[in-house]
Amino acid sequence: MKQFSFYIVSLIFLAPQMRTAEPAPLQGYSADSARAERQWEAQFRAIPDPAALRAYMQRLSARPHHVGSAYDRENAEWILSQFKEWGLEARIETYDVLFPTPKERALELIEPTRFTARLAEPTVADDPTSAQHAEQLPSYNAYSIDGDVTAPLVYVNYGVPDDYEALDRLGISVKGAIVIARYGGSWRGIKPKVAAEHGAIGCLIYSDPRDDGYLQGDTFPNGPYRPADGVQRGSVMDMPIYPGDPLTPGVGATKDAKRLPLSEAITLTKIPVLPISYGDAQPLLAALKGPVAPERWRGALPITYHIGPGPAKVHLRARFNWDTKTIYNVIARIPGSAYADEWIIRGNHHDAWVNGAEDPVSGTSALLEEARGLAALAGQGWKPKRTIVLCVWDGEEEGLLGSTEWAEDHAEELRRKAAVYINSDTNGRGYLQVEGSHTLERFINGVARDVEDPETKLPVWKRMQLWRIANLAANGTAADRQEARQRADLRIGALGSGSDYTVFLDHLGIASLNLGYGGEDGGGIYHSIYDDFYWYTHFSDTDFVYGRALAQTAGTAVMRLADAELLPYDFDDFTDTIRGYIEEVTKLAQEKREQIVERNRQIDEGVFAATEDPREKTVPPPREAVPPFLNFAPLENGLAALEGATRLYDQALARAAENGGAALAGAALRDANARLIAVERALTLDEGLPNRPWFKNQIYAPGFYTGYGVKTLPAVRESIEQKQWQLADEEIVRVGKVLENAGEAIQGAAAELTRAAK
Ligand SMILES: [Zn+2]
């Protein structure tokens, strides 16, 4: 209670300042409706309550609640009952998905000494839920295939393509070997994928104490970091091909959906995979000989890191129950009063690997407080113009199952109606972190200016800006710092994958944002049994004020989008961002070419033979064909079209905003809004990306070899990175045309706005 009264005092203290400040105009609003909107929003932001957030977390994380568990379903039903109690129209929508769980897991070192891995996370005395072993999912990587393999071990660092290039230079092959990779450096599913491409027959992934264990700080329960037996579970489905149920690509996994046979599910791994703790990894790594690992490969275990292969030989056995399980999405709707067929969608998942207090309940709780707040406003007469759809997803952890199946199931309707999707997932203490569609960059900057940071009492926008300046002082150029100080909007990052926005942005072309606070607390309990209420309330947002800030931020964004007369997309920041991406890919092609020319020259000069230590076995890199120059003109032409259309739209918007936006208030904007929604769809192509047709967005995609990490202008960028020059030339033409299409769509919106505002 003490902390609670503290916040009341600070709110009263700040209130006069808030009143006297001149409110900035709201894009898409007439002056009158902006005034009303600001009042409703302020009323909303007073509602989210840290005590309620804490109670939701305690309830939702009280027992393990993975897909298929009793408590997963109970949580969904409890969330539904809360929604209904608050007066929201809500229901549960179910899907039936492939969900493997472990039947057998074994890992032993059989040569040169013997060691059997524990593969278990022990109870921690002070932490009550860590003892719920009967309900916990054992540590495993979901969608690993079954396997029983025995082979020499090779340490491959993070197991990303660069690491295999380094192994090639050392003359080490993983063919027929079991690799051990550490977590980090990429999304985990990339590690077995790349290992299999290089001929490995099994893959172990362990958490090195350098990355989230004792080198970072005290380990749980004395501190937040990963203890010796803590294991990171997680999906290794090949999500860069397509996420969601492996058996129903592109369609909702309804009861009677047509399903692929298991043997045709291409998103399962090609080799068996098992995640292990550093307690279990240390004896295996210590038994390796061969070259000492390069310095940047070394972790923080008290051993000398060797690469192998062998003499360590391991036996790995993993078998799974290949069951179908029901997942439970909870969906609530607040119908729109003017534009009911335009949807603002807000989502966070509710399922966890185990108790999942941080991932995902810290975000789920914020969404629940938003729902309670919006329902309360509706009871007081607030009527959003657009329909608000609140989604609490199941099955995110295994492969974005709930959101993907729901969006595939409702794809036709979503393509017509969905204006924006706003996601969150885990939340903690610190700075607002925003990634998303750059048509929403200006909009979300505006929202961030109106939310107060709980620690500094600055607007969260200001804190973000100062944090960036501080970071750029260490890692950036003077020009970067100047931009952070002077550009009207702080830049937002692009979205790769890793949470439930993926299907909306990448498959359906719906403008999306991902929001969360963080950056002040580290931790090492991710996807372990220790991500629970005890951990969160000792080491993260312990007083739930950042849970409140997330609810205030996302709730304000949802209201402001739902109430606007004209959807507040902006194309200046978007065009500016695209210009940057085109510069990047142009430079990338040039650098790739120069690198190959230089390396070939060094091979001819005998540089490698002369400078590498003859006592250490190394292999010079192979000569490569010099790539052709690429023609980037189609991208430049696309950009020019985009710039021209953006100018027209800005002129139309400026005219509509004259005289307090009287034109906006009186106009029938249905067609203009529909045109605006169509702009984002114009960024997609039906045929998708090369070799992965599910991914239709031509501006943003998760990298084929990064998994979570984004690749912008992915078709062009990845064909250059993978040295497919012919393909790169073709993709430049296709993506240039996409930019022209987007320009046309923006021009259409400008014309419609001008017509409506007359
Ligand atoms: Zn999550």
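Trainee: So what exactly am I meant to see when it comes to the overall build of the protein chain here?
Mentor: The secondary structure content of the protein chain amounts to 25 helices and 16 strands. Its C-alpha atoms give the protein chain principal-axis dimensions of about 80 × 65 × 55 Å. Going through the 758 residues of the protein chain one by one, you find that 59% of them count as buried. In the protein chain, the share of contacts with a sequence separation of at least 24, taken over all contacts with a separation of at least 6, comes to 80%. Accessible surface, the protein chain: about 28800 Å² in total, of which carbon and sulfur atoms supply 52%.

Trainee: I'm lost on the environment of Thr248 in this one. Help?
Mentor: Mapped onto the fold, Thr248 is located in the loop between strand E7 (234-235) and strand E8 (273-276). As for Thr248 and Thr542, which are separated by 294 residues in sequence, their C-alpha atoms are 41 Å apart. When sequence neighbours within four positions are dropped, the list of residues in contact with Thr248 reads Ala253, Ala257, Lys258, Arg259, Glu405 and Glu408. There is a polar contact of 3.1 Å between the side chain of Thr248 and the side chain of Asp245. Reaching out from Thr248, the side chain makes a polar contact with the side chain of Glu405 at a distance of 3.2 Å.

Trainee: Sorry, what's going on with the coordination of the zinc ion here?
Mentor: Six octahedral donors around a metal ideally sit at 90 or 180 degrees from one another, while four tetrahedral donors ideally sit at 109.5 degrees. In this structure, His349 (NE2), Asp359 (OD), Asp425 (OD) and Asp425 (OD) serve as the protein donors to the zinc ion, at separations of 2.0 to 2.6 Å. If you look at the zinc ion, its four donor atoms make angles of 54 to 147° with each other, and the shape they trace is irregular. On the primary sequence, the residues serving as donors to the zinc ion are separated as H-x9-D-x65-D. Of this pair, Asp359 sits in helix H9 (residues 357-379) while Asp425 sits in the loop between strand E12 (418-424) and strand E13 (430-436), placing them 66 residues apart in sequence. Residue Asp359 is classed as buried on the basis of its relative accessible area, which comes to 5%. The buried category is assigned to Asp425, whose relative accessible area is 12%.

Trainee: Is there a simple way to think about the side chain of Gln465 in this case?
Mentor: Mapped onto the elements of the fold, Gln465 is located in helix H14 (residues 460-475). Among residues more than four places away in sequence, those in contact with Gln465 are Ala484, Arg485 and Leu490.

Trainee: I keep staring at helix H13 (residues 441-449) and nothing clicks. Help me out?
Mentor: Residues separated by three or four positions in an α-helix point in the same direction, a consequence of the helix having 3.6 residues per turn. Of all nine residues making up H13, seven are buried, and the element is well covered by its neighbours. Every buried residue of H13 is listed here: Glu441, Phe443, Ile444, Asn445, Gly446, Val447 and Ala448.

Trainee: Sorry if this is basic, but what is going on with the packing of aromatic side chains here?
Mentor: The description of two aromatic rings rests on the distance between their centres and on the angle between their planes. Applying the stated rule across the entire model yields 24 aromatic pairs. An angle of 50° between the planes, with centres 5.9 Å apart, marks the rings of Tyr155 and Tyr305 as tilted. In this pair, Tyr155 is assigned in strand E4 (residues 147-155) and Tyr305 in the loop between helix H8 (278-286) and strand E9 (313-334), connecting sequence segments 150 residues apart. Relative accessible area serves as the criterion here: at 3%, Tyr305 is assigned to the buried category. Among the aromatic side chains, those forming a connected cluster through ring pairs are Phe220, Tyr530, Tyr534, Trp535, Tyr536, Phe539 and Phe544. The residue whose ring lies beneath Lys193 is Tyr705, and the NZ or CZ to ring-centre distance is 5.6 Å. Across from the ring centre of Trp461, 4.3 Å away, lies the NZ or CZ of Arg449, which sits over that ring.

Trainee: Any chance you could explain the packing of helix H23 (residues 670-681) against helix H25 (residues 725-756) here in plain terms?
Mentor: Helix-helix packing: each pair is described by the crossing angle between the helix axes and the interaxial distance. Where H23 contacts H25, the two axes come as close as 8 Å, and the packing angle between them is 170°. Taken together, the axis directions place H23 and H25 in an arrangement best described as roughly antiparallel. Here H23 contributes Asp671, Ala672, Arg675, Leu676 and Val679 to the contact with H25, which in turn contributes Ala745, Ile746, Gly748, Ala749, Glu752, Leu753 and Arg755. When its residues are assigned to classes, the contact of H23 with H25 shows seven nonpolar, one polar and four charged.

Trainee: Please clarify how unusual backbone geometry should be interpreted in this entry.
Mentor: With the exception of glycine, the majority of residues adopt a negative phi angle, and the majority of peptide bonds are in the trans configuration. The omega torsion across Gly308 and Pro309 is 0°, close enough to zero to call that bond cis. Inspection of the secondary structure puts Pro309 in the loop between H8 and E9. In this chain, Gly310 is followed by Pro311 through a cis amide linkage whose omega measures -5°. Along the polypeptide, Pro311 turns up in the loop between H8 and E9. A positive phi angle, near 80°, is found at Tyr143, a position not held by glycine. With respect to the helices and strands, the residue Tyr143 is situated in the loop between strand E3 (141-142) and E4. Owing to a relative accessible area of 0%, Tyr143 belongs among the buried residues under this scheme. Positive phi outside glycine occurs at Phe544, with the angle close to 65°. Inspection of the secondary structure puts Phe544 in the loop between helix H17 (533-539) and helix H18 (545-563).

Trainee: When you look at the layout of surface pockets in this model, what are you seeing that I'm missing?
Mentor: Size it by volume and the second largest pocket reaches roughly 1200 Å³. Along the walls of the second largest pocket sit 50 residues, with Glu358, Asp359, Thr426, Gln433 and Tyr526 positioned nearest its centre. Listed by contribution, the elements that provide at least two residues to the lining of the second largest pocket are H9, helix H10 (396-399), E13 and strand E14 (511-519). Ranked by residues supplied to the lining of the second largest pocket, first place goes to E14 with six residues. Looking at side-chain class alone, the lining of the second largest pocket contains 17 nonpolar, 22 polar and 11 charged residues.

Trainee: Quick question: what am I supposed to make of the side chain of Asp359 here?
Mentor: Put simply, Asp359 is tucked away with no salt bridge, and the nearest opposite charge, on Arg188, sits 7.2 Å away. Looking at Asp359, its side chain comes within polar contact range of the side chain of His349, at 3.3 Å. Filtering out sequence-adjacent residues up to four positions away, Asp359 remains in contact with His349, Ala352, Glu397, Asp425, Thr426, Tyr526, His527 and Asp531.

Trainee: Looking at this structure, how should I read the pairing of E14?
Mentor: Summarising burial for E14: eight of the nine residues are buried, a large majority. Where E12 and E14 come together, five bridges link them in parallel fashion. Within E14, the residue paired with Ile422 across the bridge is Leu513. Both E13 and E14 contribute to a ladder of seven bridges, which runs antiparallel. In the strand pairing of E14, Glu435 is matched with Asn514.

Trainee: So what exactly am I meant to see when it comes to the environment of Asn355 here?
Mentor: Relative to the elements of secondary structure, Asn355 occurs in the loop between strand E10 (339-349) and H9. When near neighbours in sequence (up to four residues on either side) are disregarded, Asn355 contacts Ser61, Ala62, Arg63, Pro64, His65, Thr129, Gln132, Val361, Ile529, Asp531 and Asp532. A polar side-chain atom of Asn355 sits 3.0 Å from a polar atom in the side chain of Gln132.

Trainee: When you look at H8 in this model, what are you seeing that I'm missing?
Mentor: When H8 is considered as a whole, its buried residues turn out to be Tyr278, Asp280, Ala281, Leu284 and Leu285. What you see down the axis of H8 is that its buried residues fit within an arc of 150°, all on one side. With a side-chain oxygen positioned 3.4 Å from the backbone nitrogen of Gly279, the residue opening H8 is Ser277.

Trainee: Sorry if this is basic, but what is going on with the pattern of salt bridges here?
Mentor: Close approach of charged atoms allows side chains of opposite charge to pair. Counted under the stated rule, the structure contains 54 salt bridges. A salt bridge links Arg601 to Glu605, with the nearest nitrogen and oxygen atoms 3.6 Å apart. Highlighted residues: Arg601 and Glu605, both in helix H19 (residues 572-605), separated by four residues, approximately one helical turn. When sorted by exposure, Arg601 lands in the same class as Glu605, which is exposed.

Trainee: Looking at this model, I keep getting lost on the environment of Asn631. Mind explaining?
Mentor: Tracing the sequence through the fold places Asn631 in the loop between helix H20 (607-611) and helix H21 (633-656). Residues Asn631 and Pro614 lie 17 residues apart in sequence; the distance between their C-alpha atoms is 43 Å. Beyond its immediate chain neighbours, meaning those up to four positions away, Asn631 contacts Asp729 and Ile732.

Cut-offs used in this document
- Once a new chain begins, its residue numbering starts again from 1 and follows that chain's sequence as written.
- For this predicted model, a pLDDT threshold of at least 70 governs which residues receive local features, and a threshold of 80 or more governs which side-chain atom pairs are given and counted, while totals over whole chains, interfaces and linings are taken from all residues.
- Computation of side-chain values: all heavy atoms of the structure, hydrogens and water removed.
- Helix and strand labels come from DSSP, where a helix needs a run of H or I of at least four residues and a strand needs a run of E of at least two; each type is numbered from the N terminus.
- Relative accessible area decides the class of each residue, using a 1.4 Å probe on protein chains only: under 20% of the type maximum gives buried, over 50% gives exposed, and in between gives partly exposed.
- Contact definition: two residues touch when any of their heavy atoms are within 4.5 Å.
- For the accessible areas, the method is Shrake-Rupley and the probe is 1.4 Å, while residue cover comes only from the protein chains on display.
- Definition of a polar contact: a pair of N or O atoms within 3.5 Å, with one able to donate and the other able to accept a hydrogen when the atoms are protein atoms, and with sequence-neighbouring residues admitted only if both atoms are side-chain atoms.
- Note that water is not among the atoms used; donors are N, O and S atoms within 2.8 Å of the metal (3.2 Å for Na, K and Ca), so sites may look incomplete.
- Tetrahedral means four donors with every angle between 85 and 135 degrees, whereas square planar (four donors) and octahedral (six donors) require angles over 155 degrees between opposite donors and between 65 and 115 for all others; sites fitting neither are termed irregular.
- Here is the rule: rings of Phe, Tyr and Trp (six-membered ring for Trp) pair when centre to centre is within 6.5 Å. Planes less than 30 degrees apart are stacked, more than 60 are edge-to-face, and the remainder are tilted.
- Only when the NZ of Lys or the CZ of Arg is both within 6 Å of the ring centre and within 35 degrees of the ring normal is a charge said to sit over the ring.
- Here, axes are lines fitted to C-alpha atoms. For helices the fit covers the stretch in contact, and angles between N-to-C directions go from 0 to 180 degrees.
- Comment on the angle field: the value is read as roughly parallel under 35 degrees, roughly antiparallel over 145, roughly perpendicular from 65 to 115, and oblique elsewhere.
- Only Asp, Glu, Lys and Arg are considered charged in this grouping, and only Ala, Val, Leu, Ile, Met, Phe, Trp, Tyr, Cys and Pro are considered nonpolar; every other residue, Gly among them, is considered polar.
- Buriedness of a pocket was judged along seven lines, with at least five required to meet protein on both sides within 12 Å; pockets are open sets of points on a 1 Å grid over the protein atoms alone, cavities are sets where a 1.4 Å probe fits but cannot get out, and lining residues have an atom within 4 Å of a point.
- Grid points are joined across faces, edges and corners, and a volume is the space filled by probe spheres set on the points.
- Charge convention: Lys and Arg are scored as positive, Asp and Glu as negative, and His as well as the terminal groups of each chain are ignored.
- Salt bridges are defined by distance alone: a side-chain nitrogen of Lys or Arg within 4 Å of a carboxyl oxygen of Asp or Glu.
- In this description, strands pair whenever DSSP reports at least two bridges between them.
- Arc definition: it is the arc formed by the directions from the helix axis to the C-beta atoms.

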